[in-house]
Amino acid sequence: DPHPGNLMRPHDQSRARLVLIDFGLVARVQRKDQDLFVSSIIHLANKDYAALIDDFVGLGILPPDCNRAKVLPLMDKALSPYVKGGGAKKYEQELKTLYGMDGSVESTVGGFQAMTSDMLTVLNDIPFSIPPYFALLARAVVTLEGLALQADPDYGLVLEAYPFVARKLLSSDRPELQKALQEVLYGGGDPALKGVVTPTRLAALVNSAAGVVARQEGAAFVDLDAVPDEGLTPAAAAAFVLSPDAASIRALLADEAAGASDLLLRQALRKAVPLVAAALPQPPRLPFLPPPPEPLELP
C-alpha cells in the first residue's frame, strides 16, 4: 500500500533508496509471471501488440484460443494513449482525440457510441479474466504513478520502467528473459539484418540499462533502434558490458562470436581446400583410368 504515508526517504542517499512500511496488503507474484511482466513491458514499449497478446495468455488474462483479430485493434486503442503518459487526465484527452470527440455534440455522441461498441466487444466477445493478485498489484502501481505525476505531469510509467527492464534483460540467465533479450537484439529495422545482433540495438539497450533512453519529441514508445545523442561513452559502455550486471549479454555475445568464428572458419576452408589440392603434385594420368575426382567440398 505505497501511499505517501507509507514511504520514507532515508537521510543517507549514497544509494538511492526508499523505505516501505505497512505490509498489511501483500501479494506474491510467481517468478514465471514476473518474467512475463518484463516481457510485456518490452512488447508494450515497442508497440508489439501481437507478442503482448501472448504475454497476456501466459499471465492468464486471455485464453489461448482468444480471437486475436478482435483483440489486437482494441489493445492498440486502449494501451497506446496510456503509454504516452500523463495519467488519467491525459488518457481521457487521448481517448477523445482517438474517437474523434472535438467538443461538438455530434462528435461527442458519435465518439461515445464507438467507444461503447468497443467496450461491448470486450465484454461480450473477449473472455478475459483477472488473476487474484492483480487487484493489489494494480492498486500499488496506480498509487505510485499518482505520486510520480505530482512531480511530473507528463510522467509515463512504461517509458520510465524501461531502464529497469533493460537491466533485468542484461543480467538474468533465466530462459524466459533470455528469449526476451534475443527479441530485443535480433532483427533491427533493416530487413536484411533479421536474425543478426545489430550494433545500434545493442548500444540502445546498454544505454537504456544505464538509464539513458532515447526519447523523440512526441513519441510515446521506445525505439529499440535509437541510440541517445548524449549516451554512454565507449569506455563506460565497455565497462558496463564487462560488469556483473551484464552477464546475460556477455553469454549471448560469446555464442554469437563462436558462431561467427565457426562460419568464418568454414568459409576459409572452402576456399583453401581446392587451392591446396591444386598445389599438390598430380599423379600421371593413364588413358584407361577415369579422371580423378574433384576436391571434396566441406559442408
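Scroll up to find the structure this text is about.
In this text the structure is predicted, and so the values were computed from the model without any measurement. (Residues numbered from 1 in each chain as written. Predicted model: local features only at pLDDT ≥ 70, side-chain atom pairs only at ≥ 80, totals over all residues. Heavy atoms only, no water.)

A. Broad picture of the overall build of the chain. Helix and strand counts for the chain come out as 11 helices and 2 strands. In sequence order, the chain lays out its α and β elements as β-β-α-α-α-α-α-α-α-α-α-α-α. Residue burial in the chain is summarised as follows: out of 299 residues, 30% are buried. The long-range share in the chain, meaning contacts at least 24 apart out of those at least 6 apart in sequence, stands at 57%. Working note: accessible area of the chain is about 18900 Å², and carbon and sulfur atoms make up 62% of it. (Helix = DSSP H or I, 4+ residues; strand = E, 2+ residues; numbered from the N terminus. Buried < 20%, exposed > 50% of the residue type's maximum accessible area, 1.4 Å probe, protein only. Contact = heavy atoms within 4.5 Å. Areas by Shrake-Rupley, 256 points an atom, 1.4 Å probe, with all protein chains shown as cover.)

B. Structural context of a nonpolar patch on the surface. Among the surface-exposed residues, M8, V19 and I21 lie close enough to one another that they form a single nonpolar patch of about 220 Å² accessible area. Examined against the element boundaries, V19 turns out to sit in strand β2 (residues 19-20). (Patch = residues over 30% accessible without salt bridge, like charges linked within 9 Å, V, L, I, M, F, W, Y side chains within 5 Å. Salt bridge = Lys/Arg side-chain N within 4 Å of Asp/Glu carboxyl O.)

C. Local environment of the side chain of N207. In this fold, N207 is placed in helix α9 (residues 199-209). Setting aside residues up to four positions removed in sequence, N207 forms contacts with V212, V227, P228, G231 and L232.

D. Spotlight on the nonpolar core. Y162, L169, L181, L185, L205 and I249 are the most contacted members of the largest nonpolar core, which has 37 residues in total. Sorting the residues of this core by element identifies α1 (31-45), α2 (49-58), α3 (68-83), α7 (157-171), α8 (175-185), α9 and α11 (247-279) as the ones contributing at least two each. With 7 residues, the single largest contributor to this core is α7. If sequence neighbours within four positions are ignored, L181 has contacts with L169, L170, L205, S248, I249 and L252. Counting residues in hydrophobic clusters, the runner-up holds 6 residues, among them F37, L59, Y133 and F134. (Core = buried A, V, L, I, M, F, W, Y, C linked by side-chain atoms within 4.5 Å.)

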